[in-house]
Amino acid sequence: DWTPANIVDDSIAAIRQQVGDGQVICGLSGGVDSAVAAALVQRAVGDQLTCVFVDHGLLRKGEAEQVETDFVAATGVSLKVVDAAAEFLGELAGVSDPESKRKIIGREFIRCFERAAREIVGESGQVDFLVQGTLYPDVVESGGGEGAANIKSHHNVGGLPDDLQFALVEPLRTLFKDEVRAVGEQLGLPAEMVWRQPFPGPGLAIRIIGEVTADRLAILREADAIARAELTAAGLDRDIWQFPVVLLADVRSVGVQGDGRTYGHPIVLRPVTSEDAMTADWGRLPYDLLERISTRITNEVREVNRVVVDITSKPPGTIEWE
Ligand code: XMP
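Note that the coordinates shown come from a computational prediction; the quantities given were computed from them, not determined experimentally.

Criteria and cut-off values
- Residues numbered from 1 in each chain as written.
- Predicted model: local features only at pLDDT ≥ 70, side-chain atom pairs only at ≥ 80, totals over all residues.
- Helix = DSSP H or I, 4+ residues; strand = E, 2+ residues; numbered from the N terminus.
- Rg over C-alpha atoms; globule rule 2.2 N^0.38 Å.
- Buried ≥ 20, exposed ≤ 12 C-beta atoms within 10 Å, placed from the backbone.
- Contact = placed C-beta atoms within 7 Å.
- Axes fitted to C-alpha atoms, helices over the stretch in contact; angles between N-to-C directions.
- Parallel < 35°, antiparallel > 145°, perpendicular 65-115°, else oblique.
- Nonpolar A, V, L, I, M, F, W, Y, C, P; charged D, E, K, R; others polar.
- UniProt positions renumbered as here; feature names shortened; annotations may be inferred.
- Pairing = 2+ DSSP bridges.
- Core = buried A, V, L, I, M, F, W, Y, C linked by C-beta atoms within 7 Å.
- Domains from an automatic or database assignment.
- Near = placed C-beta within 6 Å.
- Expected span 1.5 Å × (residues − 1).

**Section: the overall build of the protein chain**
Broken down by element type, the protein chain carries 10 helices and 12 strands. A compact globule built from 322 residues would reach a C-alpha radius of gyration of about 20 Å, and the protein chain, at 20 Å, matches this within 12%. Principal axes of the C-alpha set define a box for the protein chain whose edges measure 70 × 45 × 40 Å. Relative to its full complement of 322 residues, the protein chain shows a buried share of 42%. Long-range contacts, defined here as pairs at least 24 residues apart, represent 74% of the contacts in the protein chain between residues at least 6 apart.

Structure (structure tokens):
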């Protein structure tokens, strides 16, 4: 029957069966899915696994440091960090279309993994397998499930190149998020990792509506850090499934700050509640919390002069704006 302990045992057996004595790499994103997938594979095949963390420059404030220290401390896994921010930004230059962004990011991730794999085993050896923390809802929404529509190319499902050199190991492919969290707890991962709110692999790139640039990333990163800090301070982290903060980079509106006219960008707050991300409701944040977030963002992030709240459920909206 379907207990966390049974899921762990079955999936360890299945991973051993698939991988044999092959070498495996796993991309860590900082999120719970890749962390749990990596921890399972580590249980199954030990030091045949090397984790790779691609810092694509699209992360939130403090996130890279978190992966580099917390996950390694919790698991003792061997980790290789690839700093690829310049490459990702270069490839994304001039691109506004959401699906194009996702495809580019998926392709660049794989290029980074291929490069990391060559460095890990040297010229003689070979890495055969790539672990992905793909969940059941990702499979369905990328059109991999039976009768499913292709809503978005999740970077870890639909966005893979045709000439992929690795076989995929996807131990979470039949699981929902709550089951993944149960498995994470079963494996003894720390609570802050297991209960972290989901964050998409393509990162802030799909929360900037318009072209992704370093300046725009800096604006969004500041606004996002404020919103997250205030949600945490209000004690609402576990009540809210996810809290995307979105920059409408191609939109400007007139404002007044001090006695001067401003012509800045809007920030969208997108708090949602959900069971599994397949459907969602907009999160009813308290007005005083919304006010604190709005005041701080417009005071502390110079380029932003307006904060709006997204009150759309899913469907018809998706959780992310792209
Ligand atoms: P949507 O926006 O489709 O998102 O309602 C559903 C859930 O999936 C996350 N998401 C992604 N996760 N790679 C990921 O790992 C992706 O490309 C991706 N796109 C969306 C989203 O944050 C939400 O939790």
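**Thoughts on the packing of helix α1 (residues 4–19) against helix α7 (residues 177–186)**
Between α1 and α7, the shortest axis-to-axis distance is 9 Å and the interhelical angle comes to 80 degrees. Considering their axes alone, α1 and α7 lie roughly perpendicular with respect to each other. When α1 is examined against α7, the residues Pro4, Ala5, Ile7 and Val8 are found in contact with a partner set consisting of Glu179, Ala182, Val183 and Gln186. Across the contact of α1 with α7, the residue classes tally to six nonpolar, one polar and one charged.

**Remarks on the UniProt feature "binding site: ATP" (unreviewed entry) in the protein chain**
Following the UniProt record, the feature "binding site: ATP" (unreviewed entry) maps to Ser29, Gly30, Gly31, Val32, Asp33, Ser34 and Ala35 here. Position of Gly31 among the secondary structure elements: in the loop between β1 (24–28) and α2 (32–45). Within the secondary structure layout, Val32 lies in helix α2. Judged by local crowding, Val32 falls into the buried class, with 24 C-beta atoms found within 10 Å. For Val32, the residues in contact, after removing those within four places along its chain, are Val180, Arg181, Gly184, Met193, Val194 and Arg196.

**With respect to the sheet that holds strand β3 (residues 79–83)**
The strand order across the open sheet formed by five strands is β3-β2-β1-β4-β5, and the pairing between neighbours is parallel. Lying at the two open borders of the sheet, with one neighbouring strand each, are β3 and β5 (167–169). For this sheet the average axis-to-axis angle between neighbouring strands, irrespective of direction, equals 30 degrees.

**Quick look at the nonpolar core**
Residues Val24, Cys26, Val36, Val41 and Ala223 are the most contacted members of the largest nonpolar core, which totals 76 residues. If you tally residues by element for this core, the top one is α2, at 10 residues.

**So, the domain arrangement of the protein chain**
Each domain of the protein chain was delimited in the assignment, giving domain 1 (4–194) and domain 2 (213–309). For domain 1 versus domain 2, the separation of C-alpha centres amounts to 28 Å. Between domain 1 and domain 2, the residue contacts involve seven residues of the former and eight residues of the latter. Residues of the side of domain 1 that touches domain 2, tallied by class, amount to four nonpolar, no polar and three charged.

**A closer look at the site of the ligand**
What surrounds the ligand is a group of 16 residues, the closest being Pro200, Gly201, Thr318, Ile319 and Glu320. Of the residues that constitute the shell around the ligand, the class distribution is five nonpolar, six polar and five charged.

**Some points on unusual backbone geometry**
Most peptide bonds take the trans form, and the phi angle of most residues other than glycine is negative. Residues Lys314 and Pro315 are joined by a peptide bond in cis, for which omega reads -15 degrees. Tracing the backbone through its elements, the reader meets Pro315 in the segment after β12 (304–309). Following Pro315, the chain continues to Pro316 via a peptide bond in cis, the omega torsion being 10 degrees. Here Ala277, not a glycine, exhibits a phi torsion of approximately 70 degrees, which is positive. Turning to its location among the elements, Ala277 is positioned in the loop between β10 (272–274) and β11 (280–282).

**Description of the environment of Glu68**
By the secondary structure assignment, Glu68 is in helix α3 (residues 63–75). Separated by 33 residues in the primary sequence, Glu68 and Ala35 have C-alpha atoms spaced 12 Å apart. Not counting chain neighbours up to four residues away, the residues in contact with Glu68 comprise Phe53 and Val81.

**Points about α2**
Here α2 spans 20 Å end to end across 14 residues, near enough to the 20 Å set by a 1.5 Å rise per residue. Counting buried positions over the 14 residues of α2 gives 13, a clear majority of the element. Immediately downstream of α2, the backbone of Gly46 shows phi near 55 degrees, a positive value.

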